[in-house]
Amino acid sequence: MNWYVDVLKKYAVFNGRARRKEYWMFTLINVIIAIVLAVVGNAIHFAALAAIYNLAVLLPGLGVAVRRLHDTGRSGWLILVGIIPLVGWIFVLVWLASDGKPEENQYGANPKYAAAV
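The structure displayed is predicted, hence computed values, not measured ones.

(A) Highlighting the overall build of the chain. Regarding its fold elements, the chain presents 6 helices and 0 strands. Listed by position from the N terminus, the elements making up the chain come as α-α-α-α-α-α. Dimensions of the chain along its principal axes, counting C-alpha atoms only, are 50 × 35 × 20 Å. When burial is assessed residue by residue, the chain has 31% of its 117 residues classed as buried.

(B) Spotlight on the side chain of Thr72. Its location among the elements puts Thr72 in the loop between α4 (58-71) and α5 (87-97). Side-chain polar atoms of Thr72 contact the backbone oxygen of Leu69, separated by 2.7 Å. Within the local environment of Thr72, its side chain forms a polar contact with the side chain of Arg74, the two groups lying 3.0 Å apart. In this view, Thr72 contacts Trp95, Ser98, Asp99, Gly100 and Lys101; residues no more than four positions away in its chain are not counted.

(C) Broad picture of the pattern of salt bridges. Under the definition given, this model contains 6 salt bridges. For Asp71, the salt bridge goes to Arg17, with nearest N and O atoms at 2.8 Å. Pair noted here: Asp71 is in helix α4 and Arg17 is in the loop between α1 (2-9) and α2 (20-43), with a separation of 54 residues, a long-range link. Through salt bridges with shared partners, a single ionic network connects Lys10, Glu22 and Arg67.

(D) Structural view of the side chain of His70. Assignment of secondary structure puts His70 in helix α4. Every residue in contact with His70, bar those within four places of it in the chain, is listed here: Phe14, Asn15, Gly16, Arg17, Ser75, Gly76, Asn105 and Tyr107.

(E) Structural detail: the nonpolar core. Core analysis: the largest hydrophobic core is formed by 15 residues, its most contacted members being Tyr4, Tyr23, Phe26, Tyr53, Val64 and Leu96. In terms of residue count, α2 provides more of this core than any other element does, 4 residues in total. Not counting residues within four places of it along the chain, the set of residues in contact with Val64 comprises Val7, Ala18, Glu22, Tyr23 and Phe26.

(F) Layout of α4. Counted at 1.5 Å a residue, the expected span for α4 with its 14 residues is 20 Å, and the 20 Å between its end C-alpha atoms agrees. Residues of α4 that are buried: Pro60, Gly63, Val64, Ala65, Val66, Arg67, Arg68, Leu69, His70 and Asp71. Remark: Gly73 follows α4 within two positions and exhibits a positive phi of approximately 85°.

(G) Focus on unusual backbone geometry. Here His45, not a glycine, exhibits a phi torsion of approximately 60°, which is positive. By secondary structure assignment, the location of His45 is in the loop between α2 and α3 (48-56). Classification of His45 by relative accessible area gives exposed; the value is 73%. Of note in the backbone geometry, Leu86 takes a positive phi value of approximately 60° without being a glycine.

(H) The UniProt feature "transmembrane region" (unreviewed entry) in the chain, seen in detail. According to UniProt, the "transmembrane region" (unreviewed entry) feature falls on residues 23-40, 46-65 and 77-97. The annotated region residues 23-40 carries 100% helix and 0% strand content, and the separation between its end C-alpha atoms amounts to 26 Å. Here residues 77-97 runs as 52% helix and 0% strand, with 17 Å between its end C-alpha atoms.

Thresholds, definitions, all that
- Residues numbered from 1 in each chain as written.
- Predicted model: local features only at pLDDT ≥ 70, side-chain atom pairs only at ≥ 80, totals over all residues.
- Heavy atoms only, no water.
- Helix = DSSP H or I, 4+ residues; strand = E, 2+ residues; numbered from the N terminus.
- Buried < 20%, exposed > 50% of the residue type's maximum accessible area, 1.4 Å probe, protein only.
- Polar contact = N/O pair within 3.5 Å; in protein donor to acceptor, adjacent residues only side chain to side chain.
- Contact = heavy atoms within 4.5 Å.
- Salt bridge = Lys/Arg side-chain N within 4 Å of Asp/Glu carboxyl O.
- Core = buried A, V, L, I, M, F, W, Y, C linked by side-chain atoms within 4.5 Å.
- Expected span 1.5 Å × (residues − 1).
- UniProt positions renumbered as here; feature names shortened; annotations may be inferred.

Structure follows, in structure tokens:
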């Protein structure tokens, strides 16, 4: 849960780097919460509940995705490749799942090794 809260604390931070674990744990918890809210929303006849939540976590989600791309040495603007149906989604998914560069890059030090120190 700390991974989720840490991303929310960096609400609109688009600089720096994010580890794979930070991105994927945020995504996992985010999907679980969205599913629960969709079920609860349907049960109480307020289907917009999950949509409101998804809108609220849009900026933190984009921020952690951009920082994740930075960790792989790519520009955060490449997240826009996901606009291309299917092929763009596959490219972005592969980039987000790729291991980060072990050395320091233009976006900062590797967070995996910075956290261990």
